[in-house]
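# Per-entry structural report
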Amino acid sequence: DQGESWVALLEKAYAQVQGSYQNTEYGNADEAFDMLQASDADAWTGSFVPSQVRYVHLITALNDRRPIVATTFSKASAEARPILDQYRVSLNHCYAIVGVADGKVTLHNPWGHTHANVAFEHLPMLLQAISFGRAESATAGRHGMAPPKR
């Protein structure tokens, strides 16, 4: 799926601004969105509680063509390890959220493999943050990064 290359471009641009990939190792996608889109990104951080309102917010953001990045924890708790293994989600990594349906959230891996379809209620065990960029109409062409077409 070539429509998700914006995640890799976001990471590369952020690494260039920071001086290297190593300098971005513990950064968050909302910091990259803030810097590259010249605006404050929305983010759910820490232990967010899955709720119907948050589920609908994800759907609305996708419908508005906002780029959404999910950042996984750098270390797994004993409780989270089986969930990570079940979905084959990598630690200390960013995924694009590209779909929400039937109580599941689709995580697209910018490495091009091991995409995951994760139950919404499992997200807090896997993710340290979910960051929302601005809508495509505000960013298309500005940095050469447009969110995926749906």
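Below is a summary of the structure that appears in this document. (Residues numbered from 1 in each chain as written. Predicted model: local features only at pLDDT ≥ 70, side-chain atom pairs only at ≥ 80, totals over all residues. Heavy atoms only, no water.)

### Overview of the overall build of the protein chain
A tally of helices and strands in the protein chain yields six helices and six strands. In the protein chain, the succession of α and β elements from N to C terminus is α-α-β-α-β-α-β-β-β-α-β-α. Taken over 150 residues, the protein chain has a buried fraction of 43%. In the protein chain, once contacts between residues fewer than 6 apart in sequence are set aside, the share between residues at least 24 apart is 62%. (Helix = DSSP H or I, 4+ residues; strand = E, 2+ residues; numbered from the N terminus. Buried < 20%, exposed > 50% of the residue type's maximum accessible area, 1.4 Å probe, protein only. Contact = heavy atoms within 4.5 Å.)

### A closer look at the side chain of threonine 114
Considering the arrangement of structural elements, one finds threonine 114 in the loop between β4 (104-108) and β5 (116-119). For threonine 114, the side chain forms a polar contact with the side chain of asparagine 109, separated by 3.1 Å. One polar contact links threonine 114 to histidine 113, side chain to side chain, over a distance of 3.3 Å. If near-sequence neighbours (up to four positions away) are discounted, threonine 114 is found in contact with Arg88, Tyr95 and Asn109. (Polar contact = N/O pair within 3.5 Å; in protein donor to acceptor, adjacent residues only side chain to side chain.)

### Observations regarding the pairing of strand β2 (residues 68-72)
Counting buried positions along β2 yields five of five residues, so the element is predominantly enclosed. Burial along β2 is two-sided: Ile68, Ala70 and Thr72 facing one way and Val69 and Thr71 facing the other are all buried. As defined by bridge partners, β2 adjoins strand β6 (residues 127-132) across five bridges and the pair is classed as antiparallel. For alanine 70, the partnering residue across the bridge sits in β6 and is isoleucine 130. When β2 meets strand β3 (residues 94-101), the two strands line up antiparallel, connected through three bridges. When the bridges of β3 are listed, threonine 71 appears paired with cysteine 94. (Pairing = 2+ DSSP bridges.)

### Regarding the environment of lysine 75
Here lysine 75 lies in the loop between β2 and α4 (81-87). Residue class for lysine 75 comes out exposed when judged on its relative accessible area of 69%.

### Description of the nonpolar core
Across soluble globular proteins, nonpolar side chains have a tendency to be buried as a group. Ranked by internal contacts, the top residues of the largest apolar core, which has 25 residues, are Leu58, Val89, Ile97, Leu107 and Ile130. Residue assignment for this core shows that the elements contributing at least two residues are α3 (52-63), β2, α4, β3, β4, β5, α5 (123-126) and β6. Top element by residues in this core is α3. It accounts for four residues. Not counting the four nearest positions on each side in its chain, valine 89 is found in contact with Thr72, Leu84, Tyr95, Leu107, Ala116, Val118 and Leu126. (Core = buried A, V, L, I, M, F, W, Y, C linked by side-chain atoms within 4.5 Å.)

### So, unusual backbone geometry
A positive phi angle is found at arginine 88, which is not glycine, with a value near 55°. Inspection of the secondary structure assignment puts arginine 88 in the loop between α4 and β3. Of note, aspartate 102 is a non-glycine position whose phi angle comes to about 55°, a positive value. Within the secondary structure, aspartate 102 sits in the loop between β3 and β4. Its relative accessible area of 79% is what places aspartate 102 among the exposed residues.

### Overview of the pattern of salt bridges
Going through the model one piece at a time under the given rule, you end up with one salt bridge. Salt-bridge contacts for aspartate 85 lead to arginine 81; the nearest nitrogen and oxygen are separated by 3.7 Å. Of this pair, aspartate 85 and arginine 81 both sit in helix α4, separated by four residues, roughly a single helical turn. On the basis of relative accessibility, which here comes to 48%, the residue aspartate 85 falls in the partly exposed class. (Salt bridge = Lys/Arg side-chain N within 4 Å of Asp/Glu carboxyl O.)

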